[in-house]
Amino acid sequence: MRNFGIAVLSILVLGMLGLASEPGKLIVWCDETRAPALTEAAQKFTAAYGVPVEVVEVPFGDIRGNLAVTAPTGEGPDIIIGPHDWIGELIFNGLLEPIFLPAALLAQFDPASLEAFSWAGELYGLPYATECVALVYNKDLVPEPPATFEELIEIAKALTEPEKGQYGFLIQQPDPYHTFPLHSAYGGYVFGSTPEGTLNPCDIGLDSEGSVKGARLLDRLVKGGILFAGADYQTVTGLFNEGLLAMFIGGPWTLPGIHAAGINYGVAKIPLIEGNTPRPFTGVQGFMVSAFSENKILANLFLKDFLATKEVMLAIYERGQRPPAYLPALAELADNPDIQAFAASAADGIPMPKIPEMASVWGAWSDALELIVSQKLGPEEAMRNAAEQIRTLLGCK
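Residues numbered from 1 in each chain as written. Predicted model: local features only at pLDDT ≥ 70, side-chain atom pairs only at ≥ 80, totals over all residues. Heavy atoms only, no water.

Now for the pairing of strand S7 (residues 126-131). If a strand is regular, its side chains alternate between the two faces of the sheet. Across the six residues that make up S7, a large majority, five, are buried. Here five bridges tie S7 to strand S14 (residues 281-290), and the two strands are oriented antiparallel to one another. Counted as the bridge partner of Leu 126 is Phe 287 from S14. (Buried < 20%, exposed > 50% of the residue type's maximum accessible area, 1.4 Å probe, protein only. Helix = DSSP H or I, 4+ residues; strand = E, 2+ residues; numbered from the N terminus. Pairing = 2+ DSSP bridges.)

Okay, here's the thing in structure tokens:
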């Protein structure tokens, strides 16, 4: 009965999408943002090899789920787009095929982006864009970005006047994603690794020495009158866009609002913390090949020779405004200081954990940060409690 249900659901999904993998024809699932660039590359591939390529627009959030429904029945696409943190689940469910690229081509990609799409020593995606957070600052208030976190704290203290609604530095809270650089600078981590190079969901590092030291730094910022409880995304970006905030940790998605507000801003790497590099979470988007594809060799050829080009990568950038993972395309944007700054931050980054267990982490971690920022619990106890909750939830005790 269950298989029958899956088959019916597969037929319904395929009916909506209209196309499925078949020998001698490539099917690519992508969202509307990437479709124009891929369609042009597909036309060139067809002209060169006589192999038709159909680019099918699928809402970004539906791609993973639709692949899971259609691929096990022998249907579905040959190639999909998606973020790297999907691959753990897709590999576990037998839905992805490793891809193979020559060493000379691999050398043309940001190494951190390749690491993000790697699993147990194999590559499962051709990356096209990276994203992460960095330090965004108001040049009228802070002409030059601080070189160290201690310098940032001193500047922030001098510029913070809550009674006037003015602040020197904020990190939106409670938010593990934006706070992670404080933990990672001291060696804090979320999941440790197995000897095989995959993530170990029962090696939870939120109560490790490094993670706790990062939490103490957060606590210090609150006690020093720099951070305050309730400073969420809207508060932080709103203050900055009104010229009332000098610095914050944010991603490229904040720039359209800053441009609209006319703020004289800059983007820089998060400054060193006690001589250590804060390492933000890095998100990487890329192309992946279905394990059920009837055309794995053709799919690999399409990725290698027709998508890994400066022209295609720049066309994708123009629609998405994320730093290209393909270094020749990134070099073409050398005069764009925002893209270069976010790319530099991403180069220091740690890929977002790509195992399904990550979904069990955010809530407990966020609660711990909330307790620290509201001064209801000390950093050691808050992080220890969060780690214990996650171990229990994942059955690691």
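Moving on from the coordinates now.
For any pair of aromatic rings, the description consists of the separation of the ring centres together with the inter-plane angle of the planes. Enumeration over the complete set of coordinates arrives at 18 aromatic pairs. Note on Tyr 167 and Phe 228: the rings are 4.9 Å apart at their centroids and 35° apart in plane angle, and the pair reads as tilted. One end of the pair, Tyr 167, is in strand S9 (residues 167-170); the other, Phe 228, is in the loop between helix H9 (209-223) and helix H10 (233-241), and 61 residues separate them in sequence. Taking relative accessible area as the criterion, Phe 228 reaches 26% and is therefore assigned partly exposed. Site record: aromatic cluster; members linked through ring pairs are Tyr 177, Phe 180, Trp 253, Phe 281, Trp 362 and Trp 365. (Phe/Tyr/Trp six-rings, centres within 6.5 Å; stacked < 30°, edge-to-face > 60°.)

What follows covers the packing of helix H16 (residues 362-373) against helix H17 (residues 379-393). Between two packed helices, both the angle of their axes relative to each other and the distance between the axes serve to describe the pair. At a closest axis distance of 9 Å, the pairing of H16 and H17 adopts a crossing angle of 165°. One way to sum up the angle between H16 and H17 is to call them roughly antiparallel. Read as a crossing pair, H16 and H17 show a hand that is right-handed. For the pair formed by H16 and H17, the contact residues are Ala 364, Trp 365, Ala 368 and Ile 372 on the first element and Pro 379, Ala 382, Met 383, Ala 386, Gln 389 and Ile 390 on the second. Residue composition of the contact of H16 with H17, by class: nine nonpolar, one polar and no charged. (Axes fitted to C-alpha atoms, helices over the stretch in contact; angles between N-to-C directions. Parallel < 35°, antiparallel > 145°, perpendicular 65-115°, else oblique. Left-handed = near helix turned anticlockwise from the far one by under 90°. Contact = heavy atoms within 4.5 Å. Nonpolar A, V, L, I, M, F, W, Y, C, P; charged D, E, K, R; others polar.)

Within this structure, the stated rule accounts for 13 salt bridges. A salt bridge links Lys 25 to Glu 54; the nearest nitrogen and oxygen atoms lie 3.9 Å apart. With Lys 25 in the loop between helix H1 (2-17) and strand S1 (26-30) and Glu 54 in strand S2 (residues 53-57), this pair connects stretches of sequence that are 29 residues apart. Residue Lys 25 is classed as buried on the basis of its relative accessible area, which comes to 18%. With its nearest N and O atoms 2.9 Å apart, the salt bridge here joins Lys 304 to Asp 305. A residue is classified by how much of its surface remains accessible, and Lys 304, at 24% relative accessible area, is partly exposed. Within this structure, Asp 207, Glu 388 and Arg 391 form a network of salt bridges that share partners. (Salt bridge = Lys/Arg side-chain N within 4 Å of Asp/Glu carboxyl O.)

This brings us to the sheet that holds S9. Taken together, the four strands give an open sheet; going across it, the order is S9-S12-S8-S13, and neighbouring strands pair in mixed fashion. With partners counted over all chains shown, the strands left at the sheet margins are S9 and strand S13 (265-268), one partner each. With strand direction ignored, the average angle separating the axes of adjacent strands in the sheet is 15°. Across three bridges, the pairing between S9 and strand S12 (residues 245-250) is parallel. Each bridged residue has a counterpart across the sheet, and for Tyr 167 the counterpart in S12 is Leu 245. Each of strand S8 (134-138), S9 and S12 touches helix H7 (residues 149-159); the most contacted strand, S9, lies at about 140° to it. Taken strand by strand, H10 contacts S8, S9, S12 and S13, and its axis lies near 140° from that of S12.

Burial runs high along S8: five of the five residues are buried. Pairing of S8 with S13, which is carried by four bridges, proceeds in the antiparallel orientation. Its bridge partner being in S13, Val 136 is matched across the sheet by Val 267.

Below, the discussion takes up H10. Looking at H10, one finds that the buried residues are Val 236, Thr 237, Leu 239 and Phe 240. All buried residues of H10 fall inside an arc of 160° around its axis, so they share one side. As for H10, its buried residues are in contact with S8, S9, S12, helix H11 (255-261) and S13. (Arc of directions from axis to C-beta.)

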